Amino acid sequence: MTTLPSAPLDQDAIIPEHLANPLTTEHGADRPPGEGGSQHLYEALRLASEAQHQLELALWASGESIWEWEAASDTVTIRTFIVANHPPDIVVLNSQDCFARVEADDLEQARLAWNMHVLGNADAVDISVRASMEGNIRWLRIRGQAVSRSDEGRALRMVGTVKDITRYREAEESLRLMASAFASSRDAMLVLTEQWQIIETNSAFTDLIKLKLHQLAGESLSRFVDLPDNMLRRLQRLGHAQAESLLQLTHEQQLPVEISISSFASSNGSAPYLIATLRDIRERKQAVKALERMARQDALTQLPNRNAFQEELEQRLPHASEYNPLAVLFIDLDGFKRINDSLGHEAGDELLQIVAGRLLTMLSPADTLARWGGDEFVAMLGDTASMRQLEELTARLLEAMRMPISVRGHQVSVSASIGIALAPQDGYDSGTLMRHADSAMYAAKQSGRDRVDRYRPELDSDALSRIKLTSLLRQAAERSQLTFVAQPKVKADGRVVGCELLVRWTTKEFGAVSPVSFIPIAEETGIILTIGHQAIREAALLARQLQQTGQQISVAINLSPLQIRDPQLEQVLLSACREADISPMCIQIELTESAFLDSKQVTGLLLHTLKAHGFVLALDDFGTGYSSLSYLRDLPFDVIKIDRAFLHDIDRDERSAKLLAGIVDLCRALDMETVAEGLESRSQLAVLSQLGIGEYQGFYFHKPMAQSDFIALVKDASPQHPA
Ligand SMILES: Nc1nc2c(ncn2[C@@H]2O[C@H](COP(=O)(O)OP(=O)(O)OP(=O)(O)O)[C@@H](O)[C@H]2O)c(=O)[nH]1
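- For the protein chain, the name recorded in an unreviewed UniProt entry is EAL domain-containing protein, with Chitinimonas prasina as its organism.

And the structure:
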């Protein structure tokens, strides 16, 4: 608003007639009564002045300005009390200036209200308009009344107030928007007491549950929705929570919903209230289900896919035993490429679908058939009663495959080669088992196709199977697709002091492949160097993360004999520590005796160099090989890891315990730490801790775990025993 220099406040305009007095000073301050003035007059003046002061304060406090319009001169005088107890700012305009500031949309309404009152057709002016004020559009509420009129009833003088109500209008507007959002939301919304009683709902909610709002008043939301415990705890802790639940629509009908609840403090200080939103997630659930189905199903044959098969195999493998083996069949069509090439891909697809159907009809409902990929199918039998029955079944499958098939008007015939592997005889883990079934299938192909073969260990040396695994392993190592889990090392009281990184490999083709199978290949082919470099980098990074927990936790890696001869080893180790910004003391290097069988001297030199850098050296699997005491004497080991074989009957065999006691004494004399590997029972722990073994590894305390889990374990580690 434009401000003009202060001018005297015209009392007539704002002070009731009986109090107005010409003797008031320029700024409304009192002047002592004149000589000869009566006591009565003095009192009236004092009262008038006091009333004016109060009025000015009231106007200042309410943020209202007062205006006055003189029709004869068409002047509008606006007085604004900006500072308490100070004279007002005054602006003088004419009515045209005033209307010019009103926004076009509100102008007609403003003129109409004004003219109606001027002409005596309305009791007062009371309008809310938008007007331009110093470049901003503000909402103003203008109220006023004529204080004198001509004989014809036309207003001669008007007095009133104007107030900037932008804030209220905005608040009103946002309230209106919120109310309309609440009312028109497609999500069901409710306002609840802290005790879940329904205060208000929108129609989306009442429409869903087919009840009226008055039927809901006082009802608890829990009558309609199951509120998960953890959600309520989150709500109490954070003030908001979200969860999936079911909305009870009728006795039989439920709707999956995502429920979001927020707690709001009420403005009047009474108990907070809750706002709940229920979103229909039927479609989302269906989409998730469809995606899950797709992720587990082969699109062409509708059979379970490789992932689904492997998952089920992994679940069933632990239940397989020598007496109740689990049989898997690897079924590969013979000459399928020929059909594709001669009749086209679509015909090939059709044939695969027909083959899938045939195989299904030959198997029992307890068996699982899946498409492994291309023209390969796999089956897991629900019950392998005997080898004879297995042979009979596979013979029937081959026969069924040979039957002519009609695709796109052509009679074609195919055959299949089947490989059989049994768990646990031919493999404990899904990767090994499937690889062996695949080897057996290859063997069947190689001996003429259209036949069945059973896995035999000789097939492992089969060049084809080995080449396949080697190429997959090389690819995985180059792409850093091998992963590393952490096997915790603990003190006897359970306190975590370190971990050993163990490599894991999961292939798309064979699932998890045991290190027992792939490490020898990696060593023979030199792939172990690539894997070893990755292990060193991972160990350094893990050590860095562990350092950030503020605890002294070492990370151990295993070095193979080939790595020991790797001229880059020292540099790889040092640069990994540099890059992770850790001291070599955080890294423990584990070697087995086989690492220095070739040349104790060369190994000795390297170990002394590594030790000089600060790396901690551990002799792994002690007690299994030569366990030559000269190693302990000549090589700078800090730690001796006693092999699990030693622990086997330690709690029963006195001689084992005595031997171990001797080793521990020897290590103590040589200032070497001892670690027992493969600790599985409380009784073993009792004997070993009495012997003075320093650290332990084994299932009794922890199984190997993801690195992130190990970090979490370290973070909240408090000394404790497993139950
Ligand atoms: N139509 C069709 N063909 C596929 C599909 N997936 C893979 N193939 C083809 O299936 C063939 C499988 O290769 P092979 O198993 O070596 O072919 P084969 O002629 O059966 O060879 P053997 O097994 O040695 O007898 C390749 O030609 C692939 O292109 C598919 O979804 N549909």
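Picking up after the structure, the text goes on.
### A look at the pairing of strand β10 (residues 254–264)
Phase 1 of the analysis: Note: strand β9 (residues 240–248) against β10, nine bridges, orientation antiparallel. Each residue of the ladder has a partner; that of Ala-243, found in β10, is Ile-259.
Phase 2 of the analysis: Counting the residues in the hairpin turn of β9 and β10 gives five residues.
Phase 3 of the analysis: Pairing of β10 with strand β11 (residues 273–280), which is carried by eight bridges, proceeds in the antiparallel orientation. Note on β11: the bridge partner recorded for Glu-258 is Arg-279.

### Topic: the layout of surface pockets
Phase 1 of the analysis: When its volume is computed, the largest pocket comes out at roughly 1100 Å³.
Phase 2 of the analysis: The wall of the largest pocket is formed by 39 residues, among which Glu-500, Leu-502, Val-503, Pro-515 and Asn-558 lie closest to the centre.
Phase 3 of the analysis: In terms of residue class, the lining of the largest pocket is made up of 18 nonpolar, ten polar and eleven charged.
Phase 4 of the analysis: Considering only enclosed or pocket space, the second largest pocket measures out at about 430 Å³ in volume.
Phase 5 of the analysis: Around the second largest pocket sit 21 residues that line it, and Val-497, Gln-552, Ile-553, Ser-554 and Met-585 are the ones nearest its centre.
Phase 6 of the analysis: Where the lining of the second largest pocket is concerned, the elements lending two or more residues are β20 (496–507), α17 (527–547) and β26 (673–676).

### Re the environment of Val-125
Phase 1 of the analysis: Note on placement: Val-125 falls in strand β4 (residues 125–133).
Phase 2 of the analysis: With relative accessibility at 2%, the residue Val-125 sits in the buried group.
Phase 3 of the analysis: With ten residues separating them in the primary sequence, Val-125 and Asn-115 have C-alpha atoms 9.1 Å apart.
Phase 4 of the analysis: When sequence neighbours within four positions are dropped, the list of residues in contact with Val-125 reads Ala-113, Trp-114, His-117, Ile-142, Arg-143, Gly-144 and Met-158.

### A few points about the site of the ligand
Phase 1 of the analysis: The environment of the ligand is made up of 16 residues, and the closest members are Asn-340, Asp-349, Asp-375, Lys-445 and Arg-449.
Phase 2 of the analysis: Contact between the ligand and Gly-335: an oxygen atom at 2.9 Å from a main-chain N or O atom of the residue.
Phase 3 of the analysis: Within the backbone of Phe-336, a nitrogen or oxygen atom sits 2.9 Å from an oxygen atom of the ligand.
Phase 4 of the analysis: Burial of the ligand by the surrounding chains reaches 67%, relative to a free accessible area of 650 Å².
Phase 5 of the analysis: Elements supplying a minimum of two residues to the shell around the ligand: β12 (326–334), α11 (336–343) and α12 (345–362).
Phase 6 of the analysis: It is α12 that contributes the most residues to the shell around the ligand, four residues altogether.
Phase 7 of the analysis: Of the residues contributing to the shell around the ligand, the split by class is three nonpolar, five polar and eight charged.

### Describing the state of the cysteines
Phase 1 of the analysis: Enumeration over the complete set of coordinates arrives at zero disulfides.
Phase 2 of the analysis: Free cysteine Cys-586: the closest other cysteine sulfur is in Cys-577, separated by 7.5 Å.
Phase 3 of the analysis: A relative accessible area of 14% means that Cys-586 is categorised as buried.

### Digging into the sheet that holds strand β6 (residues 155–164)
Across a sheet, strands are paired by hydrogen bonds formed along the backbone, either parallel or antiparallel in direction.
Phase 1 of the analysis: The six strands are arranged β3-β2-β1-β6-β5-β4 in an open sheet whose pairing can be described as antiparallel. Across the chains shown, the open sheet's two edge strands, defined by having one partner strand only, are β3 (89–93) and β4. Pairwise comparison of adjacent strand axes, ignoring direction, gives a mean angle of 25 degrees for this sheet.
Phase 2 of the analysis: Pairing of strand β5 (residues 136–149) with β6, which is carried by nine bridges, proceeds in the antiparallel orientation. Bridging from a neighbouring strand, Gln-145 pairs with Val-159 of β6.
Phase 3 of the analysis: Its contacts with the sheet place helix α4 (residues 104–118) against β1 (64–70), β4, β5 and β6, and it is angled at close to 140 degrees to β4.

### Notes on the side chain of Asn-202
Phase 1 of the analysis: Residue position: Asn-202 is located in the loop between β8 (198–201) and α6 (203–209).
Phase 2 of the analysis: Classification of Asn-202 by relative accessible area gives buried; the value is 3%.
Phase 3 of the analysis: Filtering out sequence-adjacent residues up to four positions away, Asn-202 remains in contact with Phe-182, Ala-183, Ser-185, Asp-187, Ala-188 and Met-189.

### As for the sheet that holds β9
Phase 1 of the analysis: Read across the open sheet, the five strands follow the order β8-β7-β11-β10-β9; overall the sheet is antiparallel. Whereas interior strands pair on both sides, the edge strands pair on one side only; in this sheet they are β8 and β9. Neighbour to neighbour, the strand axes of the sheet diverge by 25 degrees on average, direction disregarded.
Phase 2 of the analysis: Note that strand β7 (residues 188–193) and β8 share three bridges and pair antiparallel. Note on β8: the bridge partner recorded for Leu-190 is Thr-201.

### Comments concerning empty space enclosed by the protein
Phase 1 of the analysis: Per the stated rule, a full pass over the model turns up three cavities of 30 Å³ or more.
Phase 2 of the analysis: Space inside the largest cavity adds up to approximately 410 Å³.
Phase 3 of the analysis: What lines the largest cavity is a set of 22 residues, and nearest its centre among them are Ile-78, Cys-98, Leu-140, Ile-142 and Val-162.
Phase 4 of the analysis: Those elements that provide at least two residues to the lining of the largest cavity are β2 (75–80), β3, α3 (95–101), α4, β4 and β5.
Phase 5 of the analysis: For the lining of the largest cavity, the element with the most residues is β4, which contributes five residues.

### What about the nonpolar core?
Phase 1 of the analysis: Counting 105 residues, the largest nonpolar core has Phe-637 and Phe-710 as the members making the most contacts within it.
Phase 2 of the analysis: Per-element tally for this core: the top contributor is α17, with ten residues.
Phase 3 of the analysis: Two domains each donate at least three residues to this core, and these are domain 3 (297–461) and domain 4 (474–640 + 702–712).
Phase 4 of the analysis: Among residues more than four places away in sequence, those in contact with Phe-637 are Leu-591, Phe-596, Leu-607, Leu-617, Ala-618, Leu-619, Tyr-631 and Met-672.

### Brief notes about the packing of aromatic side chains
Here a ring pair, both rings aromatic, is described through the centre-centre distance and the interplanar angle of the planes.
Phase 1 of the analysis: Counted according to the given criterion, the structure contains nine aromatic pairs.
Phase 2 of the analysis: Aromatic pair Trp-67 and Trp-114: ring centres 5.8 Å apart, planes at 40 degrees, arrangement tilted. Taken together, the residues span a long stretch of sequence, with Trp-67 in strand β1 and Trp-114 in helix α4 at a distance of 47 residues.
Phase 3 of the analysis: What makes Trp-114 buried here is its relative accessible area of 13%.
Phase 4 of the analysis: Judged by centre distance (5.2 Å) and plane angle (70 degrees), the rings of Trp-69 and Trp-114 are edge-to-face.

Analysis parameters
The residue count restarts for each chain, going from 1 along the sequence in the order it is written. The model is predicted, so local features are restricted to residues of pLDDT at least 70 and side-chain atom pairs to those at 80 or more, both for listing and for counting; the totals for chains, interfaces and linings are taken over all residues. The side-chain figures draw on all heavy atoms in the structure; neither hydrogens nor water molecules are used. Two strands qualify as a pair provided that DSSP identifies no fewer than 2 bridges between them. Numbered from the N terminus, helices here are DSSP runs of H or I no shorter than four residues, and strands are runs of E no shorter than two. Buriedness of a pocket was judged along seven lines, with at least five required to meet protein on both sides within 12 Å; pockets are open sets of points on a 1 Å grid over the protein atoms alone, cavities are sets where a 1.4 Å probe fits but cannot get out, and lining residues have an atom within 4 Å of a point. Grid points are joined across faces, edges and corners, and a volume is the space filled by probe spheres set on the points. We call Asp, Glu, Lys and Arg charged. Ala, Val, Leu, Ile, Met, Phe, Trp, Tyr, Cys and Pro are nonpolar, and the rest, Gly among them, are polar. Only protein chains enter the calculation, and the probe is 1.4 Å; a residue is then buried if its accessible area is under 20% of its type maximum, exposed if over 50%, and partly exposed in between. We call two residues in contact when some of their heavy atoms are within 4.5 Å. Nearness here has a simple test: a residue counts as near a molecule or strand if at least one of its heavy atoms is within 4 Å of that partner. By the criterion applied in these results, polar contacts are pairs of N or O atoms within 3.5 Å in which, for protein atoms, one can donate a hydrogen and the other can accept it, and in which residues neighboring in sequence qualify only through two side-chain atoms. Residue burial considers only the protein chains on display, and all accessible areas are found by Shrake-Rupley using a 1.4 Å probe. Count a disulfide wherever a pair of cysteine sulfur atoms falls within 2.5 Å. To obtain each axis, a line is fitted to C-alpha atoms, and for helices this fit is confined to the stretch in contact; angles are then taken between N-to-C directions over 0 to 180 degrees. We call a set of buried Ala, Val, Leu, Ile, Met, Phe, Trp, Tyr and Cys residues a nonpolar core when their side-chain atoms join them within 4.5 Å. Segment limits for the domains were obtained from an automatic or database-derived domain assignment. Classification of ring pairs rests on two measures: the distance between centres of Phe, Tyr or Trp rings, Trp counted by its six-membered ring, which must be within 6.5 Å, and the angle between planes, read as stacked under 30 degrees, edge-to-face over 60 and tilted in between.

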